[in-house]
Amino acid sequence: MTSAPTVSRPLVHARQAVIGYQSALVQPFDLTVCTGEFWAIIGPNGGGKTTLVRTLIGALKPVSGQVVRSPANLRVGYVPQRHNLQRGLPLTAADVVMLGRTPLWQLGRGPGNADRDAVLRALDRTGAREFAEHPFDSLSGGQQQRALVARALAAEAEVLALDEPTDNVDLTGEGELVELIAQLHREGLTILMVGHDIGPAVHHATHVCLVDRQRGRITAGPVAEVFDEARLSEVYGRPMSIEYGDDCVHVHVKGGTRAA
Amino acid sequence: MPPEPSFLDNWAFWLEAMVASVAAGIGLGGLGVWVALKRVVYVPLAVSQVAAVGVVIAFLIEEFLLGDGESVMHALCEPSVLALVLAVASAFYFARPQGGGERATGVAWVAGGAAVLLLGSLVRTDIHDVQGILFGNAVLVERSQMWTTVAVLGVVAAVHGLWYRRFLYVSFDPVSAAAAGFHVYRHEVLLYATFALMISAATRVLGALPAFGLTLLPALAVLALRLGMRTSVALAAGLGGLSAGLGYYLSFRYDLPTGATMVAVGMVWLGLTNVLARVMRRGGRTAEVG
């Protein structure tokens, strides 16, 4: 696990927030995300992890309570689950990265030299330069995720939020992607990462957010305080064990196979 | 015996129709790329049906509320104006997350059709007159219709010139766009409003079949080539205008049904670009992307 920078300021603050689309998914909760933190948002499938991260970044309004971003125009780069993207648009990877610059432009403006430079830097930083001119739809899962991370970097995001970024990515691509996200965190980017694979999500995290829809509860805090076998077992409804390796975290279902 | 007057000799007859048709073709062709990529190809048909409700309502207002005469209210409640207003209002419906889906589109089409018949039974005007007002035939176009179509094309082009990047962002990844501070629904409403404006204006001068055909065929023809987004929109607009203009000329020259000829020209582009795309793929060439 990596350590966050010592001096930090709050970026996102949820106060008695209730998440959901029309009705509440969980009870009100408080949560503060500070600069340089790496939050792993975990929990069973369909539990509300995506709803939580979308609410924190401002794509969804909370059902009640408040989610305050500081500054109000906090730049957030979001890497969605890929099935949420409109397929078939004739865009190259570089076009997708350039879309990240759109919020920085006034109405009717297009890209200038500074924007092109920012896109090239983001492509280089994510290792996406080699397939920059390929159609986005033709890229592998891992390459698409790299392009989407590059889009967030091109947007000069202070917070990078990723929704199950390793979903449908092969093992090699998954390892490279997680290492890229960890590297960006080491360079100072604040990360919110939703993951159904607990191990990869938590391995580099400084904080964990456990979404337990069944009990209507969100438990959030530093990894050392929140991420333990008893809580995991309660949330997932099965006895779980955690095993820390040199460069990975394994979570097992006791008496069964590895959960993640 | 004097020689038969040429097409050019008859310019006074076809000028308004030709200009309006080409303007409609350009607008529909360009917008068709968005319609095809957003997979809402039946929305144009539903919009035409909703616009028809506006025409019937205009008749009802005139008969039961305003009576004969000339006033600002009469001008505002003109059948063409209300058709345009209702078509644009339908953008609020189609822009919802599932609004452009096939079920919602089907509901709009069926409800619009039923409303036209039900409300139409209350007015003295024959339903065929209603259809006549709403659906043109591209042969006889009044000067005011021509200018309306050109003005609508100008408005649509201006909106897309200003909002192009945001439309693209919101269409590709609405959640990220929302997180970046864009109001997704408002942008979708604006985009669908441009569809509705252009489609209802074009239907008025061309008729439903060519308006639908010119929305769909040039766009699909260009998308087969796998070009970049801007290039696709520009090329489809060009092919749309060319289909309308060439279709009008051929129908005049060979005495063919005008709308169907425009559609047939659109089909030719679709066939040609599909053959071209296949040849390029076989040749191992990568089409321009970007």
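Our subject is the structure listed above.
(A) Quick peek at the environment of phenylalanine 172 of chain B. Relative to the helices and strands, phenylalanine 172 of chain B is located in helix α7 (residues 143–172). Exposure remark for phenylalanine 172 of chain B: the relative accessible area of 2% places this residue in the buried category. The residues contacting phenylalanine 172 of chain B, other than those within four sequence positions of it, are Asn84, Leu85, Gln86, Leu89, Leu91, Val96, Leu99, Phe136, Leu148 and Arg151 of chain A.

(B) Summary view of unusual backbone geometry. All names here are of chain A. Along the chain, serine 70 connects to proline 71 via a cis peptide bond; the corresponding omega equals 0°. Of note in the backbone geometry, glutamate 156 takes a positive phi value of approximately 55° without being a glycine. For glutamate 156, a relative accessible area of 37% puts it in the partly exposed group. The backbone phi angle of glutamate 164 is positive, close to 45°, even though this residue is not glycine. Overall, glutamate 164 belongs to the buried group, its relative accessible area being 10%.

(C) The arrangement of the sheet that holds strand β5 (residues 76–79) of chain A in detail. Residue and element names in this part refer to chain A. Reading across the sheet, the 6 strands line up as β5-β6-β7-β3-β8-β9 and stay open at both edges, with mixed pairing between neighbours. Both edges of this open sheet fall to β5 and β9 (217–222), since each of them pairs with a single strand only. Taking the axes of each pair of neighbouring strands and ignoring which way they run, one obtains an average angle of 15° across the sheet. Note: strand β6 (residues 159–163) against strand β7 (residues 190–194), 5 bridges, orientation parallel. Its bridge partner being in β7, aspartate 163 is matched across the sheet by valine 194. Seen against the sheet, helix α4 (residues 141–154) touches β5 and β6 and runs at an angle of roughly 170° to β5. Seen against the sheet, helix α8 (residues 229–236) touches β3 (38–42), β8 (207–212) and β9 and runs at an angle of roughly 30° to β8.

(D) Molecular detail of the packing of helix α3 (residues 113–125) of chain A against α4 of chain A. Residues and elements named next belong to chain A. At a minimum axis separation of 8 Å, α3 and α4 run at an interaxial angle of 135°. In terms of orientation, α3 lies oblique with respect to α4. Seen along the crossing, α3 lies across α4 with a hand that is right-handed. In this structure, α3 uses Ala118, Ala122, Leu123 and Arg125 to contact α4, whose residues at the interface are Ala150, Leu153 and Ala154.

(E) A look at the pairing of β5 of chain A. Residues and elements named next belong to chain A. Neither face of β5 is exposed, since Val76 and Tyr78 on one face and Gly77 and Val79 on the opposite face are all buried. Of the strand pairs in this sheet, β5 and β6 are connected by 4 bridges, and their pairing is parallel. Note on β6: the bridge partner recorded for valine 79 is leucine 162.

(F) Broad picture of the interface of chain B and chain A. On the chain A side, the residues contacting the 25 residues of chain B number 32 residues. Between chain B and chain A the total buried area reaches about 2500 Å² when both faces are included, carbon and sulfur atoms providing 68% of it. When the area that chain B buries against chain A is broken down by residue, the three leading residues are Arg165, Phe172 and Val175 of chain B, summing to 29%. Scanning the region where chain B abuts chain A turns up 1 salt bridge. Taking the shortest distance from any N to any O, the salt bridge between arginine 151 of chain A and aspartate 173 of chain B comes out at 2.6 Å. The tally of links between chain B and chain A comes to 8 residue pairs in polar contact (both at pLDDT 80 or more). Looking at the side of chain B that touches chain A, the elements with two or more residues in it are α7 and α8 (174–179) of chain B. Broken down by element, the side of chain B that touches chain A gets its largest block of residues, 9 residues, from α7 of chain B.

(G) Examining the environment of valine 155 of chain B more closely. Turning to its location among the elements, valine 155 of chain B is positioned in helix α7. Taking the C-alpha atoms as reference points, valine 155 of chain B and threonine 194 of chain B, 39 residues apart in sequence, are found 8.3 Å from one another.

(H) Spotlight on a nonpolar patch on the surface. Residues and elements named next belong to chain B. Together, Phe64, Leu65 and Leu122 make up a nonpolar patch on the protein surface, roughly 380 Å² of accessible area in all. Position of phenylalanine 64 relative to the elements: it lies in helix α2 (residues 43–66). The exposure class assigned to phenylalanine 64 is exposed, which follows from its relative accessible area of 56%.

Thresholds applied
Residues numbered from 1 in each chain as written. Chains lettered and ligands numbered in written order. Predicted model: local features only at pLDDT ≥ 70, side-chain atom pairs only at ≥ 80, totals over all residues. Heavy atoms only, no water. Helix = DSSP H or I, 4+ residues; strand = E, 2+ residues; numbered from the N terminus. Buried < 20%, exposed > 50% of the residue type's maximum accessible area, 1.4 Å probe, protein only. Contact = heavy atoms within 4.5 Å. Pairing = 2+ DSSP bridges. Axes fitted to C-alpha atoms, helices over the stretch in contact; angles between N-to-C directions. Parallel < 35°, antiparallel > 145°, perpendicular 65-115°, else oblique. Left-handed = near helix turned anticlockwise from the far one by under 90°. Buried area = accessible area lost by both parts, 1.4 Å probe. Salt bridge = Lys/Arg side-chain N within 4 Å of Asp/Glu carboxyl O. Polar contact = N/O pair within 3.5 Å; in protein donor to acceptor, adjacent residues only side chain to side chain. Patch = residues over 30% accessible without salt bridge, like charges linked within 9 Å, V, L, I, M, F, W, Y side chains within 5 Å. Areas by Shrake-Rupley, 256 points an atom, 1.4 Å probe, with all protein chains shown as cover.

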